[in-house]
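Analysis of the macromolecular model
Chain by chain, the residues:
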Amino acid sequence: MKTDNSEDPQRQRLRQQLEAILVRTEKATSWHDEAARLRGLVNHEGYVPVRTRLAGEDLDFLGDARDDLLTFAELGLRLLDLHQPRDAGGITSDPAHPILRCRSCMWRWPCPTFRAMFQSLGTSRLLSESA
């Protein structure tokens with residue numbers, strides 16, 4: 001049986017990075033409500049003159065947020081490249097709808113990785129916002 005100590009160092013490093021981002025995000029204050037209020041204060045130069053109290057965790061989060069989100073977007077795209085459907089090649093009673101398996105993990109499509117990503121990314125919310 002494999003233990004965490006025998007795990008691949010790159011996998012451990014990725015896990016540590018993701019956990020660190022999660023901890024920083026949980027400590028930081030959400031800017032969602034503030035952003036909605038501040039949007040009305042944009043001046044003629046395209047900026048909002050802001051004075052606010054920020055905790056150290058807030059500054060850490062805001063300082064790294066762009067890079068962290070870019071990293072997550074890259075990760076998501078790479079996972080989507082790996083986990084995509086392919087024809088399983090078996091005999092089926094409905095040739096118009098062949099049995100599909102994941103190209104990477106060979107689970108029946110949609111595979112658990114794709115389902116987890118789909119559920120976590122809140123695609124129903126994203127689709128309604130883009131409409």
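Residues numbered from 1 in each chain as written. Predicted model: local features only at pLDDT ≥ 70, side-chain atom pairs only at ≥ 80, totals over all residues. Heavy atoms only, no water.

1. Concerning the packing of aromatic side chains
- Within this structure, the stated rule accounts for 2 aromatic pairs.
- Taking the centre distance of 4.7 Å and the plane angle of 40 degrees together, the rings of W109 and F114 count as tilted.
- Where F114 meets F118, the ring centres are 6.0 Å apart and the plane angle is 25 degrees; that geometry is what we call stacked. Of the two residues, F114 and F118 both sit in helix α4 (residues 112-120), 4 residues apart, roughly one turn of that helix.
- The class for F114 is partly exposed, based on a relative accessible area of 23%.
- Ring pairing ties together the aromatic residues W109, F114 and F118, which thus form one cluster. (Phe/Tyr/Trp six-rings, centres within 6.5 Å; stacked < 30°, edge-to-face > 60°. Helix = DSSP H or I, 4+ residues; strand = E, 2+ residues; numbered from the N terminus. Buried < 20%, exposed > 50% of the residue type's maximum accessible area, 1.4 Å probe, protein only.)

2. So, a nonpolar patch on the surface
- The grouping of L54, L59 and L62 at the surface amounts to a nonpolar patch, some 240 Å² of accessible area in total.
- Assignment of secondary structure puts L54 in the loop between α2 (32-39) and α3 (56-82).
- Taking the relative accessible area as the measure of exposure, L54 reaches 36% and is therefore partly exposed. (Patch = residues over 30% accessible without salt bridge, like charges linked within 9 Å, V, L, I, M, F, W, Y side chains within 5 Å. Areas by Shrake-Rupley, 256 points an atom, 1.4 Å probe, with all protein chains shown as cover. Salt bridge = Lys/Arg side-chain N within 4 Å of Asp/Glu carboxyl O.)

3. Remarks on the state of the cysteines
- Within this structure, the stated rule accounts for 0 disulfides.
- The closest cysteine sulfur to the non-disulfide-bonded C102 is located on C105, 3.6 Å from its own sulfur.
- Not part of a disulfide, C111 finds its nearest cysteine sulfur in C102, a span of 3.8 Å. (Disulfide = S-S within 2.5 Å.)

4. Observations regarding the pattern of salt bridges
- Scanning the model with the defined rule gives 2 salt bridges in all.
- Residue R24 is joined to D64 by a salt bridge in which the shortest nitrogen-to-oxygen separation is 3.7 Å. With a gap of 40 residues between them, R24 in helix α1 (residues 9-27) and D64 in helix α3 connect regions that are remote in the sequence.
- A salt bridge links R24 to D68; the nearest nitrogen and oxygen atoms lie 2.3 Å apart. In this pair, R24 is assigned in helix α1 and D68 in helix α3, connecting sequence segments 44 residues apart.
- Looking at R24, the relative accessible area reads 24%, which means it is partly exposed.
- Among the ionic contacts, a cluster of salt bridges with common partners joins R24, D64 and D68.

5. Comments concerning the confidence of the model for the chain
- Looking at the chain, the pLDDT average stands at 77 and 78% of residues meet or exceed 70.
- Across residues 1-6, confidence stays below pLDDT 50; counting only partners more than four residues off in sequence or on other chains, it has 2 contacts.
- This model gives residues 124-131 a pLDDT under 50, and the stretch forms 1 contact once residues within four places in sequence are excluded. (pLDDT = per-residue confidence, 0-100. Contact = heavy atoms within 4.5 Å.)

6. Examining the side chain of H83
- Along the chain, H83 turns up in the loop between α3 and β1 (85-87).
- In contact with H83, other than residues within four places in its own chain, are C102, S104, C105, W109, C111, T113 and F114.

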